[in-house]
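Survey of secondary and tertiary structure
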Amino acid sequence: NSSDSNIPHNADPMPSPRFYCPARFAPGATIPLPGNATHHALHVLRMKTGDPLTLFNGDGFDYPGQILRIDKAGATAKIVGKLEVQCESPLLITLAQAISARERMDFTLQKAVELGVACIQPLAAERSVVKLAGDKIERRREHWQNIVISACEQCGRAVVPEVLPPLPLADWLGLKEEFALKLMLSPTAQYTLQDMTRPTGRICLLTGCEGGFSPQEQQTATSCGFTEMRLGARVLRTETAALAALAAIQVMWGDF
């Protein structure tokens, strides 16, 4: 028998690399690849002229194509098709995440995208280790948005969740955004996810940083309509708690 005899005859071919390109395009168009996509395609994946790829711009479609030209200015791709991507969660979940240490925050946002979160709101809490001010605020938001884009490239999403500008927790709570269900993670909470009723609209998941929320922050959040919720009997790290909650929500009401 040949070495590949166990491979199913209907196995899908290896998917082509996906790259985010923030431009409007359609089949037949030629698109210069952005700098980071060019670097990854040419210097990491060692792609050549004629190699297949897939571009997406956040409109919910994948655009299959191929590398048309490589020169000193970079790489150009030609779009040859348009495919609707149907991998978005039926739940519209905003992750309101208190800012944690850099690696933990990056990990949390990356995996939250894979778990189907629709929007991310970074929050400055009293116990946040990382303190952002001035130009650092926008630079860090851009860094987080790039983390989100890379996660979309990897997991197949063609809609890119937005990372909103970081805000102090109190300021954000004062905006009084409309959500059908507002959940705040707390290891001492009375309720669990099983006590909640399936929402009919947007969900907000509010999660703390390394030291959790202060008593005053918890009180302010509950006065703004948030219900405290615990995840089991164990105290979870900030990155574990957010991701465990998102996965549980998807199991209960989403597409898991």
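Described in the following lines is the structure provided in the data block.

**Description of the overall build of the protein**
Assigned secondary structure in the protein consists of six helices and 13 strands. Seen along its three principal axes, the alpha-carbon backbone of the protein occupies a region of about 60 × 50 × 35 Å. Buried positions account for 44% of the 256 residues belonging to the protein. Within the protein, contacts between residues at least 6 apart in sequence are counted, and of these 70% link residues at least 24 apart. Of the roughly 13,800 Å² of accessible surface on the protein, a fraction of 52% belongs to carbon and sulfur atoms. Across the protein, the mean location of the 25 positive side-chain charges is 3 Å away from that of the 26 negative side-chain charges.

**Some words on the pairing of strand S11 (residues 181-185)**
Burial of S11 is extensive: five of the five residues sit out of reach of the surface. A two-sided burial pattern is seen for S11, the buried positions comprising Leu181, Leu183 and Leu185 on one face and Lys182 and Met184 on the other. Sheet analysis places S11 next to strand S13 (residues 227-229), joined by three bridges and oriented parallel. Across the sheet, residue Leu185 finds its bridge partner in S13, namely Met229.

**A short note on the side chain of Thr238**
Looking at where Thr238 falls in the secondary structure, it is placed in helix H6 (residues 238-253). Not counting residues up to four positions away in its chain, the partners in contact with Thr238 are Gln97, Ser100, Arg104, Gly208, Cys209 and Glu210.

**Some points on H6**
With 16 residues, H6 extends 23 Å from end C-alpha to end C-alpha; this agrees with the ideal 22 Å at 1.5 Å per step. Of the positions making up H6, those classed as buried are Thr238, Glu239, Ala241, Ala242, Leu243, Ala245, Leu246, Ile249, Gln250 and Trp253. Tucked into the core, H6 has its buried residues touching strand S7 (93-98), helix H2 (102-114), S11, strand S12 (203-207) and S13.

**Overview of the environment of Asn57**
Here Asn57 shows up in the loop between strand S3 (52-56) and strand S4 (61-71). In this structure Asn57 comes out as buried when scored by relative accessible area, which is 15%. C-alpha separation for the pair Asn57 and Val160, spaced 103 residues apart in sequence, amounts to 8.2 Å. Setting aside residues no more than four positions away along its own chain, Asn57 makes contact with Tyr20, Cys21, Ala23, Arg24, Phe25 and Tyr63. In terms of polar contacts, Asn57 uses its side chain to reach the backbone carbonyl oxygen of Ala23, at 2.8 Å. Within the structure, the side chain of Asn57 is placed 3.1 Å from the backbone nitrogen of Asp59, a separation counted as a polar contact.

**Observations concerning the nonpolar core**
Counting residues in hydrophobic clusters, the biggest one holds 40 residues, and the most contacted among them are Leu183, Ile249 and Trp253. Among the elements of the structure, S7, H2, helix H3 (135-155), S11, S12 and H6 are those that each provide at least two residues to this core. Broken down by element, this core gets its largest block of residues, seven residues, from H6. With residues near it in sequence (within four places) discarded, Ile249 still touches Leu91, Ile93, Leu183, Leu193, Ile203 and Gly254. In this structure, Ile31, Leu33, Leu55 and Tyr63 belong to the second largest nonpolar core, which totals 16 residues.

**Notes on the state of the cysteines**
Where two cysteines share a covalent bond between their sulfur atoms, that bond is called a disulfide. In total, this model carries zero disulfides according to the counting rule given. Free of any disulfide, Cys119 has its nearest neighbouring cysteine sulfur in Cys204, separated by 9.0 Å. A residue is classified by how much of its surface remains accessible, and Cys119, at 16% relative accessible area, is buried. Cys152 supplies the cysteine sulfur nearest to Cys155, a cysteine that is in no disulfide, at a spacing of 5.4 Å. Overall, Cys155 belongs to the partly exposed group, its relative accessible area being 28%.

Conventions we followed
Residues numbered from 1 in each chain as written. Predicted model: local features only at pLDDT ≥ 70, side-chain atom pairs only at ≥ 80, totals over all residues. Heavy atoms only, no water. Helix = DSSP H or I, 4+ residues; strand = E, 2+ residues; numbered from the N terminus. Buried < 20%, exposed > 50% of the residue type's maximum accessible area, 1.4 Å probe, protein only. Contact = heavy atoms within 4.5 Å. Areas by Shrake-Rupley, 256 points an atom, 1.4 Å probe, with all protein chains shown as cover. Lys, Arg positive; Asp, Glu negative; His and termini not counted. Charge placed at Lys NZ, Arg CZ, Asp CG, Glu CD. Pairing = 2+ DSSP bridges. Expected span 1.5 Å × (residues − 1). Polar contact = N/O pair within 3.5 Å; in protein donor to acceptor, adjacent residues only side chain to side chain. Core = buried A, V, L, I, M, F, W, Y, C linked by side-chain atoms within 4.5 Å. Disulfide = S-S within 2.5 Å.

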